[in-house]
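Working through the structure, step by step
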Amino acid sequence: MSISRSNRLLEVDALRGLAALAVVLFHYTTRFTDLFPSTVQPIVVYPHGHYGVGLFFVISGFVIFMTLEKTVLPMDFVVSRFSRLFPTYWAAIFLTFGITHWLGLPGKLVDIDSALANMLMVHGLFRVPHVDGVYWTLEVELLFYSGMFLLYRINCLTRVHLFLFGLLLLRLAYYLLETQFGISLPWIVFRLLILQYIPWFALGVSVYLATSRSRVGACWPSARTAALAIATLWICESILVACLAMAFLVVVFLAANSKLSMLRFGPFVWLGTISYPLYLLHENIGWAVLLRLRTLDVSIDVAILMTLGANFFMAAVVSRWVERPAMQWIRSCYRRSNTPVGA
């Protein structure tokens, strides 16, 4: 079956946008009222919106493995990921630090040294506080990228299922030894190998391999890895999380095969294009704006709508004037530097 790459990426990107929106709504409704309990409860809440992060990780597993399989030179991947992640991230740090210090956000502000340390994206490993709480997921993503890049460099991408299977078994070992025997294995290994989140990434890699490879029997290793990932989530998390993982698996698989044409609807496509800055800018800035609006006696529901609109506007501006230009400039500079003279 021939799959349109543009449609596939369009639908997968739209899914990423919906995942970002789910997390935003969770933080503006449920999480905001948890942190600031004097706030009146909104009419509509999204208590399960934080599971959108799991969908993020599934999509990352799909996209990163696809990127690596198409990578010719190692630096191609490094430049691609750097240009995609860091310029927008640095802009988000600058905006979040400035706006939250201007508006105020009790208990969430960091000093300038911590903000500068955040720019490396792995500051959490050194227990440096986040400028915005959502940054913890970027560290997880970066560690996953690094692991997959290492497999690429040692020519082991074709054996990725063996590595994922091993990591999933190690995740189960950590859990069972801790809960059944009270034995705690090294924390730093658990953290660096992102064992808590590896099932989600494994699902994404499995979807990509099952979708894109045509050789006979290619689906069986993917199915086994996906089954173990779901079982791991069932044992280590809950049956609810395992069922949600199965739903994410199906949805990403359908999007990867261009079977969710409704995701090509204009607003969904637009949401996908701004999903990264939307995610980076929404939490602490949004809470600071919500608190300020509440001091002006704006009702919580109207305040959430106003904050959501402001967040969309900021994300669209950053996407238009930072994310895309920076990505294009970095990649064009890299291509020029690697083009032989006279070519």
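Here, the structure is the one placed above.
All of these numbers come straight from a predicted model, not from anything done at the bench.

Analysis parameters
- Residues numbered from 1 in each chain as written.
- Predicted model: local features only at pLDDT ≥ 70, side-chain atom pairs only at ≥ 80, totals over all residues.
- Heavy atoms only, no water.
- Helix = DSSP H or I, 4+ residues; strand = E, 2+ residues; numbered from the N terminus.
- Buried < 20%, exposed > 50% of the residue type's maximum accessible area, 1.4 Å probe, protein only.
- 1 Å grid on protein atoms, 1.4 Å probe; cavity = no way out; pocket = protein on both sides within 12 Å on 5 of 7 lines; lining within 4 Å.
- Points joined across faces, edges and corners; volume = space filled by probe spheres on them.
- Nonpolar A, V, L, I, M, F, W, Y, C, P; charged D, E, K, R; others polar.
- Core = buried A, V, L, I, M, F, W, Y, C linked by side-chain atoms within 4.5 Å.
- Phe/Tyr/Trp six-rings, centres within 6.5 Å; stacked < 30°, edge-to-face > 60°.

1. A look at unusual backbone geometry
- Positive phi values are uncommon outside glycine, yet M121 reaches one of about 75 degrees.
- If you trace the backbone, M121 turns up in the loop between helix 4 (112–118) and helix 5 (136–153).
- Overall, the relative accessible area of 1% leaves M121 in the buried class.
- The backbone phi angle of D297 is positive, close to 65 degrees, even though this residue is not glycine.

2. Some words on the layout of surface pockets
- Space inside the largest pocket adds up to approximately 1100 Å³.
- Together, 42 residues line the largest pocket, and R16, V63, R81, R84 and R331 are the ones closest to its centre.
- Elements with a contribution of two residues or more to the lining of the largest pocket: helix 1 (5–35), helix 2 (52–69), helix 3 (74–103), helix 5, helix 11 (266–273), helix 12 (275–295) and helix 13 (300–337).
- When its residues are assigned to classes, the lining of the largest pocket shows 19 nonpolar, eleven polar and twelve charged.
- If you trace the second largest pocket, you find 22 residues lining it, with H50, Y51, V53, W136 and Y197 closest to the centre.
- Top contributing element to the lining of the second largest pocket by residue count: helix 1, with four residues.
- Considered class by class, the residues forming the lining of the second largest pocket number 13 nonpolar, five polar and four charged.

3. Overview of the nonpolar core
- If you look at the biggest cluster of nonpolar residues, it comprises 104 residues, and the most contacted ones within it are Y89, Y135 and W200.
- Per-element tally for this core: the top contributor is helix 2, with twelve residues.

4. A look at the packing of aromatic side chains
- Tallied over the entire structure, the rule returns 20 aromatic pairs.
- Ring geometry for F57 against Y197: centres 5.5 Å apart, planes inclined by 65 degrees, an arrangement best described as edge-to-face. Taken together, the residues span a long stretch of sequence, with F57 in helix 2 and Y197 in the loop between helix 7 (187–192) and helix 8 (198–212) at a distance of 140 residues. As far as burial versus exposure is concerned, F57 and Y197 are alike and both buried.
- When the ring of F86 is compared with that of W90, the centres are 5.6 Å apart and the planes differ by 55 degrees; the resulting orientation is tilted. Remark: W90 and F86 occur in helix 3; sequence separation between them is four residues, near one turn of the helix.

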